[in-house]
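Working through the structure, step by step
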Amino acid sequence: GRYVASGARVGGLTRVDKRAILRVWDVETGAMCPELIGHTAAVVASAFSPSGSRLASGSTDGTIRVWDPLEGKNVATIAGHDGGLAVISFVTEDVLISCDIRGVVREWDWVHGRCLRSVSLDRTVRSASYSLRGNLLAIGLEDSITVFARDPFDQRVVIQRDDLDPGSVVLS
């Protein structure tokens, strides 16, 4: 990729006037793009669209924001989760998937701000990873790792291990 993004906190977020920011750098030049400011709490999840023209961010404030990372502009804001986000990933240029720490997985048409589908896993999510190549969703729950095949909303479990205490999961 040409760009790298990182969530950051300004001033520890201990005061109302302090905001969480997302920073983007050009990998080739090291130059920082305009800071992306809008979340009111820590940015804990981010993902570039397949073309790289959009960047989605998820925060502990429960919101998802979609940005034009080069212009530094917020092009969409979705307030659809009660809990902080654990993972966010683009499925296509116009559709993204999100999972919050309470185990609610949602698919969004972010352009129109609509939730297309939603499912609750009724468990605490510690981490999650979505693979565009394999169309898999791996979720690290409080005591297990579950991998959903093709479509997380049909709940076909490929792998489930209940003897774990996963800190993070990642798919290749």
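Residues numbered from 1 in each chain as written. Predicted model: local features only at pLDDT ≥ 70, side-chain atom pairs only at ≥ 80, totals over all residues. Heavy atoms only, no water.

Per-residue pLDDT for the protein chain has a mean of 82; in total, 81% of the residues score no lower than 70. Counting contacts from residues 13-17, a segment whose pLDDT is below 50, to residues more than four positions away or on other chains yields five contacts. (pLDDT = per-residue confidence, 0-100. Contact = heavy atoms within 4.5 Å.)

Core analysis: the largest hydrophobic core is formed by 14 residues, its most contacted members being Cys99, Val105, Leu121, Val125, Leu137 and Ile139. Taken together, the elements giving at least two residues each to this core come down to strand 8 (85-90), strand 9 (95-100), strand 12 (125-131) and strand 13 (136-141). One finds Ala56, Ala76, Trp108 and Trp110 within the second-largest nonpolar core, a separate group that totals 13 residues. (Core = buried A, V, L, I, M, F, W, Y, C linked by side-chain atoms within 4.5 Å. Buried < 20%, exposed > 50% of the residue type's maximum accessible area, 1.4 Å probe, protein only. Helix = DSSP H or I, 4+ residues; strand = E, 2+ residues; numbered from the N terminus.)

Once that is clear, we can look at the sheet that holds strand 4 (residues 43-48). Sheet strands line up and pair through hydrogen bonds in the backbone, either parallel or antiparallel. Pairing within the open sheet is antiparallel, and its four strands lie in the order 4-5-6-7. Two strands lie at the open edges of the sheet, namely strand 4 and strand 7 (73-79), each paired on one side alone. Strand after strand, the sheet turns through a mean of 20 degrees between neighbouring axes, direction not considered. The pairing of strand 6 (residues 63-68) with strand 7 spans six bridges and is classified as antiparallel. Across the sheet, residue Trp67 finds its bridge partner in strand 7, namely Asn74. (Pairing = 2+ DSSP bridges. Axes fitted to C-alpha atoms, helices over the stretch in contact; angles between N-to-C directions.)

Right, let's talk about the environment of Gly72 for a bit. Among the structural elements, Gly72 can be located in the loop between strand 6 and strand 7. Linking Gly72 and Leu36, residues 36 residues apart in sequence, is a C-alpha distance of 5.5 Å. Setting aside residues no more than four positions away along its own chain, Gly72 makes contact with Pro34 and Leu36.

With that settled, the discussion passes to the pattern of salt bridges. With the rule as written, the count across this model stands at five salt bridges. Among the ionic pairs, Arg117 bridges to Glu107, the shortest N-O distance being 2.9 Å. Of this pair, Arg117 sits in strand 11 (residues 114-120) while Glu107 is found in strand 10 (residues 104-109), placing the two residues ten residues apart along the sequence. The class for Arg117 is partly exposed, based on a relative accessible area of 33%. (Salt bridge = Lys/Arg side-chain N within 4 Å of Asp/Glu carboxyl O.)

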